[in-house]
Amino acid sequence: MSENSSLICGLCPHKCVLSSGKTGFCGTRKNVDGAIVSLSYGQVTALAVDPIEKKPLYHFYAGSTILSLGGFGCNMKCPFCQNHDISQHGIEVSQGYVSPEKLVDIAHKATREARSIGVAFTYNEPFLSYEYIMDVAPLLKSAGQKVVLVTNGQVLQEPLESLLPYVDAMNIDLKVFSEDGYKWMGGDFATAKATIRSAVDAGVHVEVTTLVIPEINDDPSMMREEAQWLSELGKDIPLHLSRYFPRYKLKTGATPVETLHLLQDICREYLDYVYLGNV
Ligand code: SF4
């Protein structure tokens with residue numbers, strides 16, 4: 001391919017057109033001499049052993065811990081991002097490169113020393129390290145380690161379907177139950193729903209998180225629609241309603257706890273497990 005060719009990135013719904021030397025919306029993928037290169041491959045900004053409940057996953061090896069790894073960049077631009085210090089930055093925030101083999105070694109050590117069950121790709125959007133996870137996930141699986149993704153679900157079906165056989169559990173954000181809301185955050189509503197559906201259909205353990213933000217997604221009828229939609233995929237899918245606090249660019253006050261209780265009651269009409277977070 002000629003060096004001047006533009007390439008379309010097929011990883012997420014932005015489908016960025018990358019001319020030579022240009023980087024996409026997420027800041028992690030670049031057209032280098034006619035090939036799309038993942039700048040985030042193996043680049044680690046955070047590596048820690050967390051309780052599994054912190055992901056949050058409440059119905060997957062409860063009481064265990066998991067080695068948790070973050071990279072940089074994001075394919076959404078949520079003005080309230082809690083992790084904007086890594087999600088809205090480039091490789092300058094990386095703490096260094098960890099090869100797939102090295103990550104497997106670290107995962108084994110975490111199992112020995114802290115009862116870790118595997119590796120969670122989290123903190124920033126893991127699908128932006130797609131090639132890395134595609135390389136490391138089969139190694140982790142054959143080493144008996146669980147593979148967990150904590151994701152905004154902004155990935156196209158083809159790459160998603162290729163990775164799902166290596167994934168044990170996912171916590172997927174459903175940030176708002178509307179197209180307009182997703183547009184405001186730089187994402188795509190249909191893609192988020194498709195990712196949840198595909199993961200459930202593939203037999204992956206799925207839990208869903210909605211950060212409840214005043215005036216953005218705290219409308220009871222919207223939350224009712226979300227719970228109803230989720231219940232059609234499975235009444236036993238755990239839904240986490242997290243309390244928002246002002247972060248990054250959004251100055252709206254914190255979500256009242258009463259709002260969360262009200263929405264929890266509504267969701268419980270449809271779903272067996274509805275949890276509140278950050279309350
Ligand atoms: S992964 Fe990045 S470069 Fe590719 S389409 Fe999405 S935002 Fe654009």
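Worth saying up front: this structure is predicted, and the values here are computed from it rather than measured.

Core analysis: the largest hydrophobic core is formed by 68 residues, its most contacted members being Leu103, Phe121, Met170, Leu174, Ile196 and Leu241. Viewed by domain, this core spans two of them, domain 1 (1–39) and domain 2 (42–277), each represented by three or more residues. Beyond its immediate stretch of four places on either side in the chain, Leu174 contacts Tyr182, Phe189, Ala192, Lys193, Ile196, Val208, Thr209, Thr210, Glu226 and Trp229. Counting residues in hydrophobic clusters, the runner-up holds 9 residues, among them Ile66, Ile117, Val148 and Ala169.

With that settled, consider the sheet that holds strand E12 (residues 205–212). Read from one edge to the other, the open sheet built from 8 strands follows the order E6-E7-E9-E10-E11-E12-E13-E14, with strand pairing classed as mixed. Looking at the sheet topology across the chains shown, the edges are occupied by strand E6 (46–51) and strand E14 (274–277). Direction aside, neighbouring strands of the sheet carry axes that sit 25° apart on average. Two elements, strand E13 (residues 239–243) and E14, share 4 bridges in a ladder whose sense is parallel. Bridging from a neighbouring strand, Leu241 pairs with Leu276 of E14. Its contacts with the sheet put helix H3 (residues 130–142) on strand E9 (116–121) and strand E10 (146–151), and the angle it makes with E9 is roughly 170°. Packed onto the sheet, helix H7 (residues 220–233) meets E12 and E13 and runs at close to 175° relative to E12.

Checked against the element boundaries, Gln43 lands in strand E5 (residues 43–44). The contacts of Gln43, once residues within four sequence positions are left out, are Gly70, Gly71, Phe72, Ile91, Ser94, Gly96 and Tyr97.

Bringing the site of the ligand into the picture now. In the neighbourhood of the ligand, the contacting residues comprise Cys9, Leu11, Cys12, His14, Lys15, Cys16, Gly24, Phe25, Cys26, Arg29 and Leu128. In the shell around the ligand, the residues fall into 7 nonpolar, 2 polar and 2 charged.

Take unusual backbone geometry next. Most peptide bonds adopt trans geometry, and most residues besides glycine take a negative phi value. Geometrically, the link from Lys55 to Pro56 is a cis peptide bond, its omega value of -10° lying close to zero. Of note, Pro56 is situated in the loop between E6 and strand E7 (65–70). At Glu215, a position not held by glycine, the phi torsion is positive, near 70°. With respect to the helices and strands, the residue Glu215 is situated in the loop between E12 and H7. Located in the positive-phi region is Asn278, a residue other than glycine, with phi close to 65°. Mapping Asn278 onto the fold places it in the segment after E14. We classify Asn278 as partly exposed; its relative accessible area is 46%.

On to the environment of Asn278, then. Residues Asn278 and Arg243, 35 residues apart in the sequence, show an inter-C-alpha distance of 5.3 Å. Residues in contact with Asn278, not counting those within four places in the same chain, are Ser242, Arg243 and Phe245. Reaching out from Asn278, the side chain makes a polar contact with the backbone oxygen of Arg243 at a distance of 3.2 Å.

The next point concerns the domain arrangement of the chain. Taken domain by domain, the chain holds domain 1 (1–39) and domain 2 (42–277). One C-alpha centre belongs to domain 1, the other to domain 2, and the line joining them spans 25 Å. Counting residues at the interface gives 13 residues for domain 1 and 19 residues for domain 2. Contact with domain 2 buries surface across domain 1, with Leu11, Pro13 and Phe25 losing the most and accounting together for 41% of the total. Taken together, the links from domain 1 to domain 2 amount to 1 salt bridge. Between Glu131 and Arg29 there is a salt bridge, with its nearest N and O atoms 2.9 Å apart. Here domain 1 and domain 2 share 5 residue pairs in polar contact (both at pLDDT 80 or more) between them. Class assignment for the residues of the side of domain 1 that touches domain 2 results in 6 nonpolar, 5 polar and 2 charged.

Calculation notes
Residues numbered from 1 in each chain as written. Predicted model: local features only at pLDDT ≥ 70, side-chain atom pairs only at ≥ 80, totals over all residues. Heavy atoms only, no water. Core = buried A, V, L, I, M, F, W, Y, C linked by side-chain atoms within 4.5 Å. Buried < 20%, exposed > 50% of the residue type's maximum accessible area, 1.4 Å probe, protein only. Domains from an automatic or database assignment. Contact = heavy atoms within 4.5 Å. Pairing = 2+ DSSP bridges. Helix = DSSP H or I, 4+ residues; strand = E, 2+ residues; numbered from the N terminus. Axes fitted to C-alpha atoms, helices over the stretch in contact; angles between N-to-C directions. Near = heavy atom within 4 Å. Nonpolar A, V, L, I, M, F, W, Y, C, P; charged D, E, K, R; others polar. Polar contact = N/O pair within 3.5 Å; in protein donor to acceptor, adjacent residues only side chain to side chain. Buried area = accessible area lost by both parts, 1.4 Å probe. Salt bridge = Lys/Arg side-chain N within 4 Å of Asp/Glu carboxyl O.

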